[in-house]
Amino acid sequence: MAARQLAGFGVGPGETLASLGRTVYPVGLPGRWTVIARELRPAAAKLHDARRAARLAGGRAAHLVERFPPGESHAGPCYAGDGLEDLLAMLYLVVVREAPGLVPAALDLAWTAELGEETAVDMECAEVDRAARLVLDGGVASLWARVEDALRSGQANPSPAIRHDADRLSLVCRMFTMPVEGPDGEPYVLRAPWTGAAQILDALLVIADDGHAPGTRIRLTHPATAGPAPATTTPAPPAPGPTTQARPQSGEVNQVQQSAGTANQGRPEARGAAQGPPAAGAPTPGRPASGTIIGARWAAAGPPRGYEIRLDGDPATHAMRPEDLIVLPGQESTATALQV
């Protein structure tokens, strides 16, 4: 029965539905660690990394930026942007202020870190990591206000590490929120790379809850259209550089694209018939398109409830359900060393 269902979706050898499996370090994204490479690090390096990962907020942020370095995917840069370490630390400070009950005790983290296993620290920080990712779903409009409140609160925190991070990041926050004068004499505000921060946390969360990290190559389970549909896509982000506008976060994507056909219409020809003729002026259906995952959408628990993808040759960002995507074969890198 399972084989017939997969065949109905058109899943080929080595492929899997995006609602199943896990991709942490996509093979097509250069400059990545791999699961094997992380495991083969010397014991001293593993202990150092685990201790750093256990120090909220700045230590864990620095660890994650090193663990998920920037790379160029088929859809453009991923995990990229200046100031990612500071932005991640700010997100953790927001969680410290707004949901202190989710933050593990410093002593518990210290004991766990002595195991020398970063995944053990990940288990201790699972709730605070997810909460930090969900902060980004609230949109940019209120995000900086929450960050500033968290920094003020952090300066009075009993933890010396939190106080130090809050003092340091207060200066960094002003760099991203206060206009500065450009070479042409016009004021501008630096764009904070929140997308890169979200991608790092996406990759981290799939380790424990399954899913597919940004950079994973996929294709659609049904024929794609030649252009974006009004209710299911968002405009592509502008090119990196100084600007006074911030890119909308994943929480502002309006709707998840619905699958064509019902469960008893799993065959490709049945799904095509269920779609009906295209509306006037709409793009005509074509062959199932390939693309790249550039972000995940999370609920309070469990694997991703949706993905943001970019199809090859299409600059728009599409919000899709996991069951509408097929992960191409061999996406998890099996290399034995950091790929650069």
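The structure we're discussing is the one just above.
Report on the accompanying structure. (Residues numbered from 1 in each chain as written. Predicted model: local features only at pLDDT ≥ 70, side-chain atom pairs only at ≥ 80, totals over all residues. Heavy atoms only, no water.)

Before going further, it helps to spend a moment on unusual backbone geometry. In this model, Leu-56 is joined to Ala-57 through a cis peptide bond whose omega is 5°. Summarising the element assignment, Ala-57 is placed in the loop between helix 3 (43-53) and helix 4 (58-67). Phi is positive for Tyr-79, close to 55°, though the residue is something other than glycine. Note on Tyr-79: relative accessible area 1%, which makes it buried. Phi is positive for Asp-210, close to 65°, though the residue is something other than glycine. Residue position: Asp-210 is located in the loop between helix 11 (194-209) and strand 7 (211-212). Classification of Asp-210 as partly exposed rests on a relative accessible area of 37%. (Helix = DSSP H or I, 4+ residues; strand = E, 2+ residues; numbered from the N terminus. Buried < 20%, exposed > 50% of the residue type's maximum accessible area, 1.4 Å probe, protein only.)

To continue, consider the packing of helix 5 (residues 84-98) against helix 8 (residues 126-135). Direction vectors running N to C along helix 5 and helix 8 enclose 105°, while the axes themselves pass 9 Å from each other. Relative to helix 8, the element helix 5 lies roughly perpendicular. Here Leu-91, Tyr-92, Val-94 and Val-95 of helix 5 come into contact with helix 8, specifically with Val-128, Asp-129, Ala-131, Ala-132 and Val-135. Of the residues in the contact of helix 5 with helix 8, the class split is eight nonpolar, no polar and one charged. (Axes fitted to C-alpha atoms, helices over the stretch in contact; angles between N-to-C directions. Parallel < 35°, antiparallel > 145°, perpendicular 65-115°, else oblique. Contact = heavy atoms within 4.5 Å. Nonpolar A, V, L, I, M, F, W, Y, C, P; charged D, E, K, R; others polar.)

This part is about the nonpolar core. Ranked by internal contacts, the top residues of the largest apolar core, which has 72 residues, are Phe-68, Leu-91, Tyr-92, Trp-144, Trp-194 and Ile-309. With 11 residues, the top contributor of residues to this core is helix 5. When near neighbours in sequence (up to four residues on either side) are disregarded, Leu-91 contacts Ala-132, Val-135, Leu-136, Leu-143, Trp-194 and Leu-201. (Core = buried A, V, L, I, M, F, W, Y, C linked by side-chain atoms within 4.5 Å.)

Before going further, it helps to examine the environment of Glu-114. Along the chain, the position of Glu-114 falls in the loop between helix 6 (106-113) and helix 7 (118-124). Given a relative accessible area of 44%, Glu-114 falls into the partly exposed group. Along the primary structure Glu-114 and Leu-47 are separated by 67 residues, whereas in three dimensions their C-alpha atoms are 6.6 Å apart. Of note is the side chain of Glu-114, whose polar atom sits 2.9 Å from the side chain of Arg-51. (Polar contact = N/O pair within 3.5 Å; in protein donor to acceptor, adjacent residues only side chain to side chain.)

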